[in-house]
Amino acid sequence: MKTLKNTFLKTGFIIFALLILSCNETKKENVEVVELEPPLLESASQEYADIVLKTYDHLSNFDHDAYGALMADDITWYWPDGGADTRNSINGKDNVIAFWKNWEETTGGKMSFAKNTLLPIKVNKPTNYYKAVGSGVLAYTDITITLKDQSTTVRQHGVFMFNDDMKISTVFLYYDRSGIKELTNVVFGETE
């Protein structure tokens, strides 16, 4: 009886060992590695959204040096008029700052940004409309402009793109500016 028991134990052990070995054995096949193309968009660091929020704060206070420090020297600021080839724009950090200084001095106006929704993105492939690639932020905000006793608020969509030094290199603004245009009677930038 003891021998029969030992035989069962030995046989069971051998079967168990064979099962374990067969589970660990991998079938080796010729596997073709396919490299996937990166997606058009993916998420980016929250740091980029924080920079846009700081820019809004500095613009609200007309702290020209502070928001200028967040911009690349060769920034292009696109206003929401015209098409891809005809939009008014301001080129260069010094010109963007000069525009806002002039606006502050000539209008005495105030700006505020509220209800901010900021989505940091990385654009891996250029689009048909603009060829901007790299890290950026899709920004949705309510901008309120006040001149003396009148004000207007519009929902603004902006796309802020960054260079490799985490400086804002391009700003694309999209909003219905008819209320702002009526209130301020200002021409935004120049078309190049």
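Placed above this text is the structure.
Residues numbered from 1 in each chain as written. Predicted model: local features only at pLDDT ≥ 70, side-chain atom pairs only at ≥ 80, totals over all residues. Heavy atoms only, no water.

Novice: What's the story with the overall build of the chain in this structure? I'm lost.
Specialist: Scanning the chain from N- to C-terminus turns up five helices and seven strands. Taken from the N to the C terminus, the helices and strands of the chain come in the order α-β-α-α-β-β-α-β-β-β-β-α. Here the chain, with 192 residues, has 40% of them falling under the buried criterion. Of the contacts made within the chain by residues no fewer than 6 positions apart, 59% connect residues no fewer than 24 positions apart. (Helix = DSSP H or I, 4+ residues; strand = E, 2+ residues; numbered from the N terminus. Buried < 20%, exposed > 50% of the residue type's maximum accessible area, 1.4 Å probe, protein only. Contact = heavy atoms within 4.5 Å.)

Novice: It is not clear to me how unusual backbone geometry should be interpreted in this structure. Could you clarify?
Specialist: Backbone geometry follows two general trends: most residues other than glycine have a negative phi, and most peptide bonds adopt the trans configuration. Of note in the backbone geometry, Phe62 takes a positive phi value of approximately 50° without being a glycine. Of the residues examined, Phe62 reaches a relative accessible area of 10% and is grouped as buried. Positive phi values are uncommon outside glycine, yet Lys115 reaches one of about 55°. With respect to the helices and strands, the residue Lys115 is situated in strand S4 (residues 110-123).

Novice: Explanation requested: the sheet that holds strand S3 (residues 89-91) in the structure shown.
Specialist: Note: strands within a sheet are paired through backbone hydrogen bonds, in either parallel or antiparallel orientation. Taken in spatial order, the seven strands line up as S1-S4-S5-S6-S7-S2-S3 in an open sheet, and their pairing is mixed. Pairing within the sheet leaves two strands with one partner each, and these edge strands are strand S1 (41-43) and S3. Direction aside, neighbouring strands of the sheet carry axes that sit 30° apart on average. Bridge analysis of strand S2 (residues 71-78) against strand S7 (residues 168-174) gives four bridges, and the strand direction is parallel. Residue pairing for S7: Thr76 is matched across the bridge by Thr170. In the packing of helix H2 (residues 46-60) onto the sheet, the strands contacted are S2, S4, strand S5 (134-147), strand S6 (150-162) and S7, and the crossing angle to S4 comes to about 160°. Running at roughly 60° to S2, helix H4 (residues 93-107) makes contact with S2, S3, S4 and S5 of the sheet. (Pairing = 2+ DSSP bridges. Axes fitted to C-alpha atoms, helices over the stretch in contact; angles between N-to-C directions.)

Novice: Hey, could you run me through the pattern of salt bridges in this one?
Specialist: A full pass over the atoms with the stated rule returns four salt bridges. In this structure, Lys125 and Glu37 form a salt bridge, with 3.0 Å as the shortest nitrogen-oxygen distance. With Lys125 in the loop between S4 and S5 and Glu37 in the loop between helix H1 (2-24) and S1, this residue pair connects regions lying 88 residues apart in the sequence. Residues Asp73 and Lys93 are paired through a salt bridge, measuring 3.3 Å at the closest nitrogen-oxygen approach. Of this pair, Asp73 sits in strand S2 while Lys93 is found in helix H4, placing the two residues 20 residues apart along the sequence. (Salt bridge = Lys/Arg side-chain N within 4 Å of Asp/Glu carboxyl O.)

Novice: Quick question: what am I supposed to make of the side chain of Lys93 here?
Specialist: Its relative accessible area of 18% is what places Lys93 among the buried residues. In this structure the side chain of Lys93 is engaged in a polar contact, spanning 3.3 Å, whose partner is the backbone oxygen of Gly68. (Polar contact = N/O pair within 3.5 Å; in protein donor to acceptor, adjacent residues only side chain to side chain.)

Novice: What is the right way to look at the packing of aromatic side chains in this model?
Specialist: Geometrically, a pair of aromatic rings is defined through the distance of the ring centres and the angle of the planes. For the structure on display, the rule yields eleven aromatic pairs. Seen in terms of ring centroids, Tyr56 and Phe160 are 5.9 Å apart; in terms of plane orientation they differ by 80°. Their pairing is edge-to-face. Highlighted residues: Tyr56 in helix H2 and Phe160 in strand S6, separated in sequence by 104 residues. The two residues Tyr56 and Phe160 agree in class, both being buried. (Phe/Tyr/Trp six-rings, centres within 6.5 Å; stacked < 30°, edge-to-face > 60°.)

Novice: Before we go on, may I ask you to explain the nonpolar core in this structure?
Specialist: One recurring pattern in soluble globular proteins is that nonpolar side chains are buried together. Of all hydrophobic cores here, the largest spans 34 residues; its most connected members are Trp77 and Trp100. Broken down by secondary-structure element, the contributors of at least two residues to this core are H2, S2, H4, S4, S5, S6 and S7. Looking at which element gives the most residues to this core, the answer is H2, with six residues. Dropping the residues within four chain positions of it, Trp100 is found in contact with Leu59, Phe62, His64, Tyr67, Trp77, Trp79 and Met111. Core analysis: the next-biggest nonpolar cluster, separate from the first, contains eight residues, Tyr78, Ile121, Met161 and Phe172 among them. (Core = buried A, V, L, I, M, F, W, Y, C linked by side-chain atoms within 4.5 Å.)

Novice: Looking at this structure, how should I read the side chain of His157?
Specialist: By secondary structure assignment, the location of His157 is in strand S6. What His157 contacts, discounting residues up to four positions off in sequence, is Leu138, Ala139, Tyr140, Phe172, Leu173 and Tyr174.

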